[in-house]
Amino acid sequence: NDSTGAKSMAKGKRKADEMTEGEEFVPAEGTGADDEDTLVEEERLAAADGDAGHAREIASLEAEADMPIEEVLRRMQEQGGEEGADD
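Residues numbered from 1 in each chain as written. Predicted model: local features only at pLDDT ≥ 70, side-chain atom pairs only at ≥ 80, totals over all residues. Heavy atoms only, no water.

Digging into the overall build of the protein chain
So, point 1. Within the protein chain, the regular secondary structure consists of 3 helices and 0 strands.
So, point 2. Across the 87 residues in the protein chain, those meeting the buried criterion constitute 3%.
So, point 3. Total accessible area on the protein chain is roughly 7,700 Å²; 52% of this is exposed by carbon and sulfur atoms. (Helix = DSSP H or I, 4+ residues; strand = E, 2+ residues; numbered from the N terminus. Buried < 20%, exposed > 50% of the residue type's maximum accessible area, 1.4 Å probe, protein only. Areas by Shrake-Rupley, 256 points an atom, 1.4 Å probe, with all protein chains shown as cover.)

Laid out in structure tokens, this is it:
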């Protein structure tokens, strides 16, 4: 007997896998603010970086386009380990 599920059902909110077609998804309480904070922070960082960030990204993509696929794959594998450390 899940009391949390019962409370959710009582409010008319249900888990995504329990919803029927046409019902509107309502995220769990407290999750929306975190998403919004993350978006605001990303926008702030992008604005601070300005056009320089776009220029770096374009230069990086152009360099990748000219390198052999083996090198691209090697770099992706190296970055995969670094990204896991940040998450």
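What to know about the layout of surface pockets
So, point 1. The computed volume of the second largest pocket comes to approximately 160 Å³.
So, point 2. Around the second largest pocket, the lining residues are Ser 60, Ala 63, Glu 64, Met 67, Val 72, Arg 75, Met 76, Glu 78 and Gln 79.
So, point 3. Ranked by residue count, the leading element in the lining of the second largest pocket is helix H3 (residues 69–86), at 5 residues.
So, point 4. Of the residues contributing to the lining of the second largest pocket, the split by class is 4 nonpolar, 2 polar and 3 charged. (1 Å grid on protein atoms, 1.4 Å probe; cavity = no way out; pocket = protein on both sides within 12 Å on 5 of 7 lines; lining within 4 Å. Points joined across faces, edges and corners; volume = space filled by probe spheres on them. Nonpolar A, V, L, I, M, F, W, Y, C, P; charged D, E, K, R; others polar.)

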